[in-house]
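Residues per chain, in single letters:
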Amino acid sequence: MGWWQISADTLADSRFVVSPLAETLASLSTLERAVSAHPRERAWLERWLPAYRRLRSDDPLSARIIRTALAPRWSAGFLTPTPVPPPPGRPPATFAQELERVRATPPDRARADLAESLRGPLPAVLDRDDLAGRSADVLEWVWTHTVEPEWPARRRVLEADVIARAAQLSRGGWAEAIDGMRPGMRWLGESRLQINTYDNPPRELGGAQLVFTPVTADVGWVCWDIPHRYGVVYPCSGALADTGRAPVPQALGALIGPARAGVLVLLASPLSTTQLVALTGQGLGSVGRHLRVLLDAGLVRRRRDGRSVLYFRTAAGDGLLRAAG
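Residues numbered from 1 in each chain as written. Predicted model: local features only at pLDDT ≥ 70, side-chain atom pairs only at ≥ 80, totals over all residues. Heavy atoms only, no water.

Named according to an unreviewed UniProt entry, the protein is Helix-turn-helix domain-containing protein originating from Streptomyces microflavus.

Take a look at the structure:
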């Protein structure tokens, strides 16, 4: 199995980071695999897969580069730069800023990374200087057409996952926050983090920073910028990924108000007030008022989970949603 030896300083400096480039690469991986993990992703795939296949047909060379770079067990490193946490008081990196890191990859490094993905020498057709540029062009197409239009909603889902992980961290430490984050990943104890089940040699992270990045697609990978930081990209909670953009029935919105109806729709699975704030984009006070009304009406209930209070729909709430279509 592959595992990392992590120092106390590395754990203390670990960060969760939302990355538009990681989300775009995860979406590209979904388009390449043409497999969806939940209903929201299935609808997205049905909408964009034909256009993506036309893009591949029109540019077979770029399609081959991407297919080679996203090998099943080893993605090309230049395509998966480790997200960088913003300095205190500074905004996070934009997609354009992150993409520039891909586009600026030296040709020799891009060729070496592709050869590593292939686990052998590059074929002549891929022995080129524009590998990184062509890959960046494909990523830019995926972002512009398929991710950016719904990025605010996706970002809320990702931020809600970070909030949930932070709550797990405060309750049970890193072992609880990390276990089950992605397939094959678990805390082994003695400062060891298993990152996959492959037979890879262990890595000593030393004083490097550890970065965790959620994506809404059912994919994940590890990345590094030695010796500065190592990254783990993981799929966010399936319930969050699926419900973050759940539609609000028009009749229900007319009955109890669209904002309150949106909260009720999201509570198909238990969520905290903080998660609801992140998912809906509403203020804490507004979400609290909506929950009080829904509680008084018997449409939701709440239960304590450690230090958090989770809200969920009752049978009456489910019935109201069914009646509203």
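Let us keep going from here.
Q: For this particular structure, what's the right way to read the sheet that holds strand β3 (residues 186-189)?
A: Adjacent strands of a sheet form backbone hydrogen bonds with each other and so pair up, either parallel or antiparallel. Taken together, the 4 strands give an open sheet; going across it, the order is β3-β4-β1-β5, and neighbouring strands pair in mixed fashion. Every interior strand has two partners, whereas the edge strands, β3 and β5 (203-204), have only one. (Pairing = 2+ DSSP bridges. Helix = DSSP H or I, 4+ residues; strand = E, 2+ residues; numbered from the N terminus.)

Q: Any chance you could explain the side chain of S135 here in plain terms?
A: With respect to the secondary-structure elements, S135 resides in helix α7 (residues 131-147). Residue classification places S135 among the buried positions, given a relative accessible area of 0%. S135 has contacts with I65, I66, F78 and L79, leaving out every residue within four places of it along the chain. (Buried < 20%, exposed > 50% of the residue type's maximum accessible area, 1.4 Å probe, protein only. Contact = heavy atoms within 4.5 Å.)

Q: Would you take a moment to explain the packing of helix α3 (residues 39-58) against helix α4 (residues 60-69) for this structure?
A: Helix-helix packing is described using two parameters, namely the angle between the two axes and the distance between the axes. Between α3 and α4, the shortest axis-to-axis distance is 5 Å and the interhelical angle comes to 110 degrees. When the interaxial angle is binned, α3 and α4 end up roughly perpendicular. Contacts between α3 and α4 involve Y52, R56, S57 and D58 from the first element and P60, A63 and I66 from the second. Class assignment for the residues of the contact of α3 with α4 results in 4 nonpolar, 1 polar and 2 charged. (Axes fitted to C-alpha atoms, helices over the stretch in contact; angles between N-to-C directions. Parallel < 35°, antiparallel > 145°, perpendicular 65-115°, else oblique. Nonpolar A, V, L, I, M, F, W, Y, C, P; charged D, E, K, R; others polar.)

Q: Whenever I open this one, the packing of aromatic side chains confuses me. Can you help?
A: The geometry of two aromatic rings is summed up by the distance between their centres and the angle between their planes. Applying the stated criterion across every chain, the model contains 8 aromatic pairs. Their ring planes at 10 degrees and their centres at 4.6 Å tell us that F95 and W143 sit as a pair that is stacked. In this pair, F95 is assigned in helix α5 (residues 95-103) and W143 in helix α7, connecting sequence segments 48 residues apart. Across the pair, W143 and F95 agree in class, each one buried. Here the aromatic cluster, defined as three or more aromatic residues joined through ring pairs, consists of W4, W74, W224 and Y230. The ring of W3 has R192 lying over it, and the distance from NZ or CZ to the ring centre is 5.5 Å. In this structure, R203 is placed above the aromatic ring of W224, and the distance from its NZ or CZ to the ring centre is 4.0 Å. (Phe/Tyr/Trp six-rings, centres within 6.5 Å; stacked < 30°, edge-to-face > 60°. Lys NZ or Arg CZ within 6 Å of the ring centre and 35° of its normal.)

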